[in-house]
Amino acid sequence: MSKMEALLVLAEAVAEGRITAGEFSTVCLPLYKHYPFRYPSEEHYRAATDLFYVAHDYDSANLGMPDLLNDDQVRQKAADIARRMRMLLQ
């Protein structure tokens with residue numbers, strides 16, 4: 001498994017409805033914050049960071065702000081990021 005595959009699997013899981021947006025957020029936020037590897041390129045880092053912000057904006061109620069994204073928006077944005085990640089990993 002490449003270093004970015006864990007994030008790709010997570011993005012695809014929420015995009016395909018295999019996990020909920022809440023489950024995605026619960027896993028994505030700490031995974032990104034404590035990611036043990038260096039990103040191979042700036043593009044890889046940006047894709048991972050974009051995915052983090054999708055999770056962050058969905059879970060913003062836990063930060064005392066209203067949620068900025070709904071479940072459908074999370075799925076769509078994660079699908080877009082997953083496509084970018086898949087291209088980067090080829």
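Up top is the structure.
Let us look at the structure shown here. No experiment lies behind these values; they were computed from the predicted model shown. Position numbers for residues start from 1 in each chain and track the written sequence from start to end. Residue-level local features of this predicted model are given only where pLDDT is at least 70; pairs of side-chain atoms are given and counted only at 80 or more, and the full residue set underlies all totals for whole chains, interfaces and linings. Only hydrogens and water are set aside; all other atoms, that is, all heavy atoms of the structure, feed into the side-chain values.

### Here's the deal with the environment of Arg86
- With respect to the helices, strands and loops of the structure, Arg86 is situated in helix α4 (residues 71–88).
- Classification of Arg86 as partly exposed rests on a relative accessible area of 39%.
- Aside from chain neighbours lying at most four places away, what touches Arg86 is Leu8 and Glu12. Helical segments are the DSSP runs of H or I of at least four residues, strand segments are the runs of E of at least two, and each set is numbered from the N terminus. Categorising residues by exposure relies on relative accessible area from a 1.4 Å probe, with only protein chains included: less than 20% of the type maximum marks a residue as buried, more than 50% marks it as exposed, and the intermediate range marks it as partly exposed. We call two residues contacting when some pair of their heavy atoms lies within 4.5 Å.

### What about the packing of aromatic side chains?
- The pairing test for Phe, Tyr and Trp rings, Trp by its six-membered ring, is centres within 6.5 Å, and the orientation test on the planes gives stacked under 30 degrees, edge-to-face over 60, and tilted for anything in between. One pass over the full model with this rule turns up 5 aromatic pairs.
- Residues Tyr35 and Phe37 carry aromatic rings whose centres are separated by 5.6 Å and whose planes lie at 75 degrees to one another, so their mutual orientation is edge-to-face.
- The class of Phe37 is partly exposed, set by a relative accessible area of 40%.
- Put simply, the rings of Tyr35, Phe37, Tyr39 and Tyr45 touch in pairs and so form one group of aromatic residues.

### Here's the deal with the side chain of Ser25
- Its place among the elements puts Ser25 in helix α2 (residues 21–33).
- Within the structure, the side chain of Ser25 is placed 3.3 Å from the backbone oxygen of Ala55, a separation counted as a polar contact.
- Excluding anything up to four places from it in sequence, Ser25 contacts Pro30, Ala55, Tyr58 and Asp59. Within 3.5 Å is the distance limit for a polar contact, defined as a pair of N or O atoms, with the added protein rule that one can donate a hydrogen and the other accept it, and that residues adjacent in sequence qualify only through two side-chain atoms.

### Structural notes on the packing of α2 against helix α3 (residues 42–58)
- The contact between α2 and α3 brings their axes to 8 Å, and the two run at 135 degrees. The orientation of α2 relative to α3 falls into the category oblique. Handedness of the α2/α3 crossing: left-handed. On α3, the residues that touch Ala21, Gly22, Phe24, Ser25, Cys28, Leu29, Tyr32 and Lys33 of α2 are Tyr45, Ala48, Thr49, Leu51, Phe52, Val54, Ala55, His56 and Tyr58.
- Lys, Arg, Asp and Glu make up the charged group, whereas Ala, Val, Leu, Ile, Met, Phe, Trp, Tyr, Cys and Pro make up the nonpolar group; the residues left over, Gly among them, are polar. The residue makeup of the contact of α2 with α3, split by class, is 12 nonpolar, 4 polar and 1 charged. Helix axes use the C-alpha atoms of the stretch in contact, all axes being lines fitted to C-alpha atoms, and the angles between their N-to-C directions lie in the range 0 to 180 degrees. When an angle is under 35 degrees it counts as roughly parallel; over 145 it counts as roughly antiparallel; between 65 and 115 it counts as roughly perpendicular; any other value is oblique. Crossing handedness: left-handed means the near helix sits turned counterclockwise from the far one by under a right angle, and right-handed means the same turn made clockwise.

### With respect to the pattern of salt bridges
- When a carboxyl oxygen of Asp or Glu is within 4 Å of a side-chain nitrogen of Lys or Arg, the pair counts as a salt bridge. Evaluated as defined, the whole model comprises 6 salt bridges.
- Measuring nitrogen to oxygen at the nearest pair gives 2.7 Å for the salt bridge that ties Arg86 to Glu12. Of this pair, Arg86 sits in helix α4 while Glu12 sits in helix α1 (residues 5–15), and the two are 74 residues apart along the sequence.
- Take Glu12: its relative accessible area is 18%, and that puts it in the buried class.
- The partner of Arg46 in a salt bridge is Glu43, and the shortest N-O contact between them spans 3.6 Å. Of the two residues, Arg46 and Glu43 both sit in helix α3, 3 residues apart, roughly one turn of that helix.

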